[in-house]
Amino acid sequence: MIRSRLYSVCVVLISFGFLWSCAGTPSAKPESPREHAGASLPEEREAETLPPAVKPPERPPLTGTQSILERMGELLEAGDYQGALALFGRIESPDAGSAGIRLLKASVLLSAGDRPGSRALAEEIISGDPQNTEALYILSTIEFAEDRGKEQQALLEKILKIEPNNTDALVDLGNIFVRTRSWKNAAGYFDKALQIQPENGGALLGRASVYRFNHDRKNAERLFNRAVELYPDWAEARHERARLLREWDNPHAALEDLDKAKSLEPGSYFIAADRGNALNDLGRKREALEEYERAIGINPDIFVAYVYSSGIKFDLGDIDGADRDFSRLVALRPDYYFAYEGLGMVKMRKQLWAEARDAFRECYKYAPKEWYYALLAAMNWMRSGKPSDPRQFLAQALRGLQRESPEWYLLRLYHDLSGDNDIVVRIDKEKNPDTKARMLFYLAHYYDIRGNKNLAGIYFLRVRELDRKAIPEWRLNEWAIEERNLDAR
């Protein structure tokens, strides 16, 4: 999540005598919230943090410095970080060397994405003032951005030794323990921050999230509602409450919060993705797809939206679109083997047998107990080459199966290229409808590969008769019927 980008800049400008209104921060409260980095779990959120407020300089600045800072504030409000950075060269001594100005520059460097420059300046400040908590906090946010949790935690703990009531450090430590699911520790830090600042936005959302993850619905709702009440134009508060509402099967109320959050922060990837989720919950798939694709447009390198966009495109029959999204998803998250299943299916639809084989082999690698992945890989392997090509692969897969089980007989059929009569007998005796449908499906493909098209067609149609739509083979079987024009029989 994103911290209020201009918060620390506002404090510096105010300290120079300018009551300048900063966009993006909840206003009109004596204790403005700092957006918390990580109140949601890592798989739900990609976090970004920015530096804290800085101390005022020890003496009033020159008039020229005031003018420069006022212009700098305008540039920062417009998001022109490079333009703001250029103005630091126009600040004259002794103001240019003051702690306030150097901390402000470190903050702007961090906002501009120059972590090395921000780190160097913060470390320079600390070398002359080891107890400068603002510089230490900047370093802690850099460590977080660089995924160095231990280093971030050590810096935050050092800040608390110097300033035990530093709420920014307390909230960030709470968020660290949220990410590691250490709920008791997280709650302790958030509770202490709220004792110091009862209206601290980051602490409210953090503590509410702990209640949420502990399934304490009443207290989670109370704190989320409090955050929204205090800061009605704070997108993050709306967004987090919407997540809770979706979990309570209230997608209509969640969508209302997400609509407001979207209007407040239209560039948020996760608001777009979660709004897509709420629309999907309501069965509004095409609208949901638009939101997922909007999220992808905001950041194409986060995997979450592809999980849903690929599935919707698959369901809507957009095979090329599903192929693109499944391919991108497995590139971003190769351990998410469900995406390989979808990818293998669309490759089969496009009759790209070797690519389908490779996708199902990846499925089987991650989920070796799911025997049907081995059969799907073998089936496509046979179609991409010779029927005997997957024999060694199937021999290894057979070793992991219970002998005499239905799946053992199916894999042996594909391995030996014989034994179909045994399968036919066992199909007639099989009581489990899912297992029976699968046995018919793989027997049909076996006959199809071996050239017995008429018998294959009979068994494809028998699979349909069982109406087992929950198994992945069902869609593949419907495609097989369509491709072979079996409905015309």
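> Explain the overall build of the chain here, please?
The helix and strand inventory of the chain stands at 26 helices and zero strands. In the chain, which comprises 489 residues, the proportion classed as buried is 53%. A sequence separation of at least 24 residues applies to 57% of the contacts in the chain between residues at least 6 apart. For the chain, the exposed area adds up to about 21900 Å²; of that, 46% sits on carbon and sulfur atoms.

> What am I meant to see in helix H15 (residues 285-298) here?
Quick reminder: α-helices carry 3.6 residues per turn. Residues three or four places apart thus point the same way. In a regular helix each residue adds 1.5 Å, so 14 residues correspond to 20 Å; H15 covers 20 Å between its end C-alpha atoms and thus fits that length. Taken as a whole, H15 has its buried residues at Ala288, Leu289, Glu291, Tyr292, Ala295 and Ile296. End-on, the buried residues of H15 take up no more than an arc of 160°, which puts them together on one face. Residues of H15 that are exposed and angled more than 90 degrees away from the buried face: Arg286, Glu290 and Gly297.

> Can you help me understand empty space enclosed by the protein in this one?
One way to see where empty space is left: roll a probe the size of a water molecule over the atoms. Applying the stated criterion across every chain, the model contains two cavities of 30 Å³ or more. Empty space within the largest cavity amounts to approximately 90 Å³. Around the largest cavity, the lining residues are Met348, Arg349, Trp353, Arg383, Phe441, His445, Leu476, Trp479, Ala480, Glu483 and Arg484. Those elements that provide at least two residues to the lining of the largest cavity are helix H18 (337-349), helix H24 (433-449) and helix H26 (472-483). It is H26 that provides the largest number of residues to the lining of the largest cavity, a total of four residues.

> What should I look at first to understand the confidence of the model for the chain in this one?
Do not read the fine detail of predicted coordinates wherever pLDDT is low. Chain-level pLDDT for the chain is 88 on average; 87% of the residues reach the 70-or-more range. The spread of mean pLDDT over the elements of the chain runs between helix H1 (residues 7-15), the lowest at 42, and H15, the highest at 98.

> Sorry, what's going on with the environment of Tyr137 here?
Note on placement: Tyr137 falls in helix H6 (residues 133-145). A sequence separation of 15 residues divides Tyr137 from Ala122, and the C-alpha atoms of the two residues are 9.1 Å apart.

> What should I look at first to understand the packing of helix H22 (residues 406-416) against helix H23 (residues 420-429) in this one?
Axis angle and axis distance: for two packed helices, these are the angle between their axes and the distance between the axes, and together they describe the pair. Between H22 and H23, the least distance of the axes is 9 Å, while the angle of their chain directions is 155°. Overall, the two elements H22 and H23 adopt an arrangement that is roughly antiparallel. The hand of the H22/H23 crossing is left-handed. Between H22 and H23, the contacting residues are Tyr409, Leu410, Arg412 and Leu413 on the first element and Asp420, Asp422, Ile423 and Arg426 on the second.

> Looking at this structure, I do not really get the nonpolar core. What am I missing?
Within soluble globular proteins, side chains that are nonpolar tend to cluster in buried spots. Formed by 150 residues in total, the largest nonpolar core has its most connected members in Met72, Tyr373, Leu376, Leu411, Tyr414 and Tyr442. A total of eleven residues in this core trace back to one element, the largest contributor, which is helix H20 (residues 371-384).

> Even after reading the chapter, I still don't get the pattern of salt bridges, so can you show me in this structure?
Two side chains carrying opposite charge are able to pair once their charged atoms lie near each other. This structure, assessed with the given rule, holds 49 salt bridges. When the shortest N-O distance is used, the salt bridge between Arg212 and Glu247 registers 2.6 Å. A residue pair is termed long-range when its members are at least 10 positions apart, and Arg212 in helix H10 (residues 201-213) and Glu247 in helix H12 (residues 235-247) qualify at 35 residues. Owing to a relative accessible area of 5%, Arg212 belongs among the buried residues under this scheme.

Basis of the calculations
Residues numbered from 1 in each chain as written. Predicted model: local features only at pLDDT ≥ 70, side-chain atom pairs only at ≥ 80, totals over all residues. Heavy atoms only, no water. Helix = DSSP H or I, 4+ residues; strand = E, 2+ residues; numbered from the N terminus. Buried < 20%, exposed > 50% of the residue type's maximum accessible area, 1.4 Å probe, protein only. Contact = heavy atoms within 4.5 Å. Areas by Shrake-Rupley, 256 points an atom, 1.4 Å probe, with all protein chains shown as cover. Expected span 1.5 Å × (residues − 1). Arc of directions from axis to C-beta. 1 Å grid on protein atoms, 1.4 Å probe; cavity = no way out; pocket = protein on both sides within 12 Å on 5 of 7 lines; lining within 4 Å. Points joined across faces, edges and corners; volume = space filled by probe spheres on them. pLDDT = per-residue confidence, 0-100. Axes fitted to C-alpha atoms, helices over the stretch in contact; angles between N-to-C directions. Parallel < 35°, antiparallel > 145°, perpendicular 65-115°, else oblique. Left-handed = near helix turned anticlockwise from the far one by under 90°. Core = buried A, V, L, I, M, F, W, Y, C linked by side-chain atoms within 4.5 Å. Salt bridge = Lys/Arg side-chain N within 4 Å of Asp/Glu carboxyl O.

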